[in-house]
Amino acid sequence: MEITNAAPLRNAAILSVGAHRPERVVPNSELVERIDSSDEWIQQRTGIRTRHWAGPEESVVDMAATAAKIALDRAGLAITDIDSIIFATITYPFQMPSAATELAERLGIARVAAFDIGAACAGFSYALGLANDMIRSGSANIVLVVGGEKISDFLDLDDRATSFIFADGAGAVIVGASAHVALGPTVMGSDIENRGAITMEPSWLDYRPGAQTPATTWPVIHQEGQKVFRWAVYEIAKVGHQIIEKAGLTPADIHAFIPHQANERIIDSLTKSMDLSDSVIVARDIRTTGNTSAASIPLAMDTLLKEHPHLHGKNALLVGFGAGLVYSGQVVELPPLPKVRN
Ligand SMILES: CC(C)(COP(=O)(O)OP(=O)(O)OC[C@H]1O[C@@H](n2cnc3c(N)ncnc32)[C@H](O)[C@@H]1OP(=O)(O)O)[C@@H](O)C(=O)NCCC(=O)NCCS
């Protein structure tokens, strides 16, 4: 007997988005003294004015659970409708069990497929691509895709290359079946030659009894800022064109551009290289949210839809990129107007 797959291929859509930012707003002025910098320098080089950092009482899963509940309400669905959870994160502080299973427990769902994705700032786009393929193939019906980070736990506040860039938050989307193609094919890849450009070090093995030395430091993010900057503006512009082409569209069919929120100058450069029309709305959530890694695209999507409600149901180009160096993206139809306003 041959293996059969009775499920016919289906289309998928983002049904809703939800977002959560921690309450505490951290202005540049709070960070500049330790890195001999200034509010003006940070704004000019990155676009960031403020970011949100969570306190010790709020975990990455707390943030994700809030974002997920908002997304579920907006989709008009119940927690029990979810059959799969994909959690993109690089800051869940346990190797196992996964952040996705803790989120399932927190939401009170006993039986779901649940797993994490570690693709750094491209994690959400990778997870969304997987959710699309799971719905298409019939492996899942309703997927909760979360990008959540508490990067403030893994930052060196004395590092001039990172302390002012990264921030905390969680964004969630609900992905389900659709009568038409509302989630385009995913382009994903890597540039392993630049694998060391962004890292989180040292390794956990350096904390084993006997391995620690007085010089052993807590693991934090390190990056070669200029190298990452040049790579992003050059390579990701090409990836953006591939994503549009793979969806069978042209730049004229794109209404909104939601790139990973790494640096506003990278966003400006990509916007120029993408040949997008002047009417395209570009996400600039970085200004008040900073770089939240896997959370940045859903957080920026939520802000964009609040500020420009006419974009519900319109085409958006998403592209994530980050440590690895890895990238991933797709054209999506932005979710319809929410069933409830929350
Ligand atoms: C980190 C980043 C903002 C640094 O900006 P940059 O313009 O590349 O800065 P450089 O390291 O080239 O340094 C330029 C000058 O600014 C100074 N400088 C560096 N960091 C500084 C800081 N935090 N505050 C003030 N001055 C700083 C340097 O000393 C140097 O001074 P000099 O010209 O007198 O020698 C920038 O490289 C960047 O954003 N890169 C992309 C990183 C990113 O997006 N990462 C996430 C990807 S997912």
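Here is a short report on the structure shown in this document. The structure presented is a predicted model; accordingly, all values stated were derived computationally and were not measured.

**A closer look at the overall build of the protein**
Working step 1: Within the protein one finds eight helices and 14 strands.
Working step 2: Taking the principal axes of its C-alpha atoms as reference, the protein extends roughly 60 × 50 × 45 Å.
Working step 3: Among the 342 residues that make up the protein, the fraction classed as buried is 54%.
Working step 4: Long-range pairs, those at least 24 residues apart, make up 77% of the contacts in the protein between residues at least 6 apart in sequence.
Working step 5: Accessible surface for the protein amounts to roughly 15400 Å². Of this, 53% is attributable to carbon and sulfur atoms.

**Brief notes about the pattern of salt bridges**
Working step 1: Enumeration over the complete set of coordinates arrives at 13 salt bridges.
Working step 2: With a shortest N-O distance of 2.4 Å, Arg106 and Asp62 are connected by a salt bridge. Here the residue Arg106 occupies a position in helix H3 (residues 99-107), and Asp62 occupies one in helix H2 (residues 60-75), the gap between them amounting to 44 residues.
Working step 3: Since its relative accessible area comes to 36%, Arg106 is described here as partly exposed.
Working step 4: Among the residues examined, Asp62 registers a relative accessible area of 23% and is labelled partly exposed.
Working step 5: For the salt bridge of Asp302 with Lys306, the shortest nitrogen-to-oxygen distance reads 2.8 Å. Taken as a pair, Asp302 and Lys306 lie in helix H8 (residues 296-307) at a separation of four residues, close to a single helical turn.
Working step 6: Classification of Asp302 by relative accessible area gives buried; the value is 4%.
Working step 7: When salt bridges with common partners are traced through the structure, they connect Glu264, Asp268, Arg284 and Arg287 into a single cluster.

**Looking at the packing of H2 against H3**
Working step 1: Where H2 meets H3, the closest approach of the two axes is 10 Å, and the angle between their N-to-C directions is 60°. With respect to H3, the axis of H2 lies oblique. By crossing handedness, the relation of H2 to H3 is classed as right-handed. Only Ala99, Glu102, Leu103, Arg106 and Leu107 of H3 make contact with H2, whose side of the interface consists of Val61, Asp62, Ala64, Ala65, Ala68 and Lys69.

**Quick notes on the pairing of strand S7 (residues 168-178)**
Working step 1: Among the eleven residues that make up S7, ten are buried, leaving the element largely enclosed by the rest of the structure.
Working step 2: Summarising the sheet, strand S1 (residues 11-20) and S7 pair through nine bridges and their orientation is antiparallel. What sits directly across from Ile14, in S7, is Val175.
Working step 3: Bridging between strand S6 (residues 142-150) and S7 involves nine bridges; their strand directions are antiparallel. When the bridges of S7 are listed, Val143 appears paired with Val175.

Rules used in this analysis
- Residues numbered from 1 in each chain as written.
- Predicted model: local features only at pLDDT ≥ 70, side-chain atom pairs only at ≥ 80, totals over all residues.
- Heavy atoms only, no water.
- Helix = DSSP H or I, 4+ residues; strand = E, 2+ residues; numbered from the N terminus.
- Buried < 20%, exposed > 50% of the residue type's maximum accessible area, 1.4 Å probe, protein only.
- Contact = heavy atoms within 4.5 Å.
- Areas by Shrake-Rupley, 256 points an atom, 1.4 Å probe, with all protein chains shown as cover.
- Salt bridge = Lys/Arg side-chain N within 4 Å of Asp/Glu carboxyl O.
- Axes fitted to C-alpha atoms, helices over the stretch in contact; angles between N-to-C directions.
- Parallel < 35°, antiparallel > 145°, perpendicular 65-115°, else oblique.
- Left-handed = near helix turned anticlockwise from the far one by under 90°.
- Pairing = 2+ DSSP bridges.

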